[in-house]
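Spelled out from the first residue to the last, the chains are:
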Amino acid sequence: MRQINASIDVDRRLAPQDLAGSRAHAAMLARQGIISADDEASIQRGLDLIEAEIASGAFVYDAALEDIHMHVEARLAELIGPAAGRLHTARSRNDQVALDFRLWVREACDRVLAGLEALQRALLNRADEAADALMPGYTHLQSAQPVTLGHHLMAYVEMFGRDAARFGDARRRMNECPLGAAALAGTSFPIDRDATAKALGFDRPTANSMDSVASRDFALEALGAGTIAATHLSRLAEEIVFWVSPGFGFIALSDAFTTGSSIMPQKRNPDAAELIRAKVGRVLGAFTQLTVTMKGLPLTYGKDMQEDKAPTFEAFDALELSLAAMTGMLADLTIRREVMAAAAGQAFSTATDMADWLVRTLNLPFREAHHVTGRAVARAEALGVTLDALPLAELKALDPRITPDLADVLDPARSAASRVSYGGTAPDQVRAQIAAWRARLA
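Residues numbered from 1 in each chain as written. Predicted model: local features only at pLDDT ≥ 70, side-chain atom pairs only at ≥ 80, totals over all residues. Heavy atoms only, no water.

Draft legend 1. Structural detail: the environment of D304. Relative to the elements of secondary structure, D304 occurs in the loop between helix 11 (271-294) and helix 12 (309-332). Taking C-alpha positions, D304 is 6.7 Å from T293, a pair spaced eleven residues apart along the chain. Sequence-distant contacts of D304, that is, excluding residues within four places in its chain, are made with T293 and L297. (Helix = DSSP H or I, 4+ residues; strand = E, 2+ residues; numbered from the N terminus. Contact = heavy atoms within 4.5 Å.)

Draft legend 2. Representation of the nonpolar core in the model. Within the largest apolar cluster, 95 residues are counted, with the highest numbers of intra-cluster contacts made by V105, L123, L149, F167 and M326. For this core, the element with the most residues is helix 10 (residues 217-244), which contributes 14 residues. The residues touching M326, leaving out its near neighbours within four places in the chain, are L119, L233, L236, A237, I240 and I276. Ranked by size, the runner-up nonpolar core spans 20 residues in total, among them A351, A369, V372 and I402. (Core = buried A, V, L, I, M, F, W, Y, C linked by side-chain atoms within 4.5 Å. Buried < 20%, exposed > 50% of the residue type's maximum accessible area, 1.4 Å probe, protein only.)

Draft legend 3. Highlighting the packing of helix 3 (residues 15-31) against helix 4 (residues 37-56). In the contact formed by helix 3 and helix 4, the axes pass within 10 Å of each other and the chain directions differ by 170 degrees. The pairing of helix 3 with helix 4 is recorded here as roughly antiparallel in orientation. Every residue of helix 4 that contacts helix 3 at A15, L19, S22, R23, A26, A27 and A30 is listed here: E40, I43, Q44, L47, D48, I50, E51 and I54. Residues that form the contact of helix 3 with helix 4 fall into these classes: nine nonpolar, two polar and four charged. (Axes fitted to C-alpha atoms, helices over the stretch in contact; angles between N-to-C directions. Parallel < 35°, antiparallel > 145°, perpendicular 65-115°, else oblique. Nonpolar A, V, L, I, M, F, W, Y, C, P; charged D, E, K, R; others polar.)

Draft legend 4. Highlighting the side chain of D353. Note that D353 resides in helix 14 (residues 351-362). Setting aside anything within four residues of it in sequence, one finds D353 in contact with V409, S415, S418 and R419.

Draft legend 5. Quick peek at the packing of aromatic side chains. Enumeration according to the criterion identifies ten aromatic pairs in this entry. Aromatic side chains W104 and F316 sit 6.0 Å apart centroid to centroid with 80 degrees between the ring planes, which places their arrangement in the edge-to-face category. Separated by 212 residues along the polypeptide, W104 in helix 6 (residues 93-129) and F316 in helix 12 bring together distant segments of the chain. Each member of the pair, W104 as well as F316, is classed as buried. Connected via pairs of aromatic rings, a cluster forms that spans F101, W104, F167, F218, F313 and F316. Here the guanidinium or amino end of R111 rests over the ring plane of W104, the centre of that ring lying 5.3 Å away. (Phe/Tyr/Trp six-rings, centres within 6.5 Å; stacked < 30°, edge-to-face > 60°. Lys NZ or Arg CZ within 6 Å of the ring centre and 35° of its normal.)

Draft legend 6. Structural view of unusual backbone geometry. The amide bond that connects L299 to the next residue, T300, takes the cis arrangement and shows omega of 10 degrees. By the element assignment, T300 lies in the loop between helix 11 and helix 12. The phi torsion at H140 lies on the positive side, around 55 degrees, for a residue other than glycine. Note on placement: H140 falls in the loop between strand 1 (134-139) and strand 2 (142-148). Residue class for H140 comes out exposed when judged on its relative accessible area of 74%.

Draft legend 7. Seen up close, the pairing of strand 2. Where strand 1 meets strand 2, six bridges bridge the pair, whose relative direction is antiparallel. When the sheet's bridge partners are listed, G137 is paired in strand 2 with Q145. In this antiparallel pair of consecutive strands, strand 1 and strand 2, the connection spans two residues, and H140 shows a positive phi of 55 degrees. (Pairing = 2+ DSSP bridges.)

Draft legend 8. Structural detail: the pattern of salt bridges. Considering all chains together, one arrives at 31 salt bridges under this definition. Note that R23 is salt-bridged to D48, the shortest N-O span being 3.0 Å. Linking R23 in helix 3 with D48 in helix 4, this pair joins segments that are 25 residues apart in sequence. D48 sits in the partly exposed class, given a relative accessible area of 41%. One network of salt bridges, in which partners are shared, links E66, D67, R93 and K303. (Salt bridge = Lys/Arg side-chain N within 4 Å of Asp/Glu carboxyl O.)

Draft legend 9. Just the side chain of Q429, in detail. Mapped onto the secondary structure, Q429 falls in helix 19 (residues 427-441). Given the relative accessible area of 18%, Q429 is considered buried. A distance of 3.3 Å separates a polar atom in the side chain of Q429 from the backbone nitrogen of G423. Residues within four places of Q429 in sequence aside, it is in contact with R419, V420, S421, Y422, G423 and G424. (Polar contact = N/O pair within 3.5 Å; in protein donor to acceptor, adjacent residues only side chain to side chain.)

Below, the structure written as structure tokens:
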């Protein structure tokens, strides 16, 4: 029973939050006249000593005391005597753990928000550098149309911006203080829940004592946002794995973010990217685990909820590490512009530009222009040349009205530069989006 019941190996991470909650609670009890000023001073002094012991590594943990809350209470009694017993007046371990966990998740959201901003800034720096760097744009992992690397990277700036918004929304919703809900019904003592909420940086106290101790949707929402962010990280990591491989060769990574093979001396493996790609499983797993834990629980508290912290801690550890590693990789990578530009013109990537030119210049219906372009691609393929190298005579055989001006739109760089619609890949559009994002982050 002691082994299955104890959670101290996991929730010892909540010590800073537990101490903060106890300090605010003791101060409120004294202001309300529920405990004496002398007892409050003793409690605050004892909590300071415990904090120092934990920081120095001198604090002793014992599975018999179950959790961090009992550890702090027991050590406080050893340090200050009977006054320690007054700290638990008008509160329960139920609202205590709900508070501590909410504080921890709130702080984790703040760390992730900072990590997302750092990642966006790293992306913006590389996008600015590569605003006109040609590369193939893909659909179905097949070369589709020329784009710029800057435009490609800015797509991830947008994704991570939405991730930040989701974490910001989750943080705002969780910023209500459950302290004072006690076991489940509130307390008969004349406490001031607004005061403790304010002291702990919350917007307000929670409005229902049963919901306060029974709900973990604040953690679920944060884990949901984390799962989406980890998915975006995984997609970018997958692209880095592709781009650094010899089949692409678009970028290079230094030894700082690659590892060698145990038997093949020529290899440099993109292990950091591959590990980021795998971390989404941990974050999604945590979300699923907590969802399954909570789905069948009647109100209010059940010991099942002790299992909320381990997956949440693990998920945020994985997410924060992935954000830092991706930010480092982006700063580290070398862009091979010539390799990307050469690939941008392959696979007849400007075929759509030819069809658009036929519509604009010859007034062909788009479907007819599509068919003419398809025949041009087939002819270029038969001759073993790119579309922009197809002789004018061959083009005129498809439609005699085609003029040499068509060559202008078949050039990959001009193709990318022509995409001037809002949000398009034209370098000026990319630079405008970079400037807009820099202003938002500022």
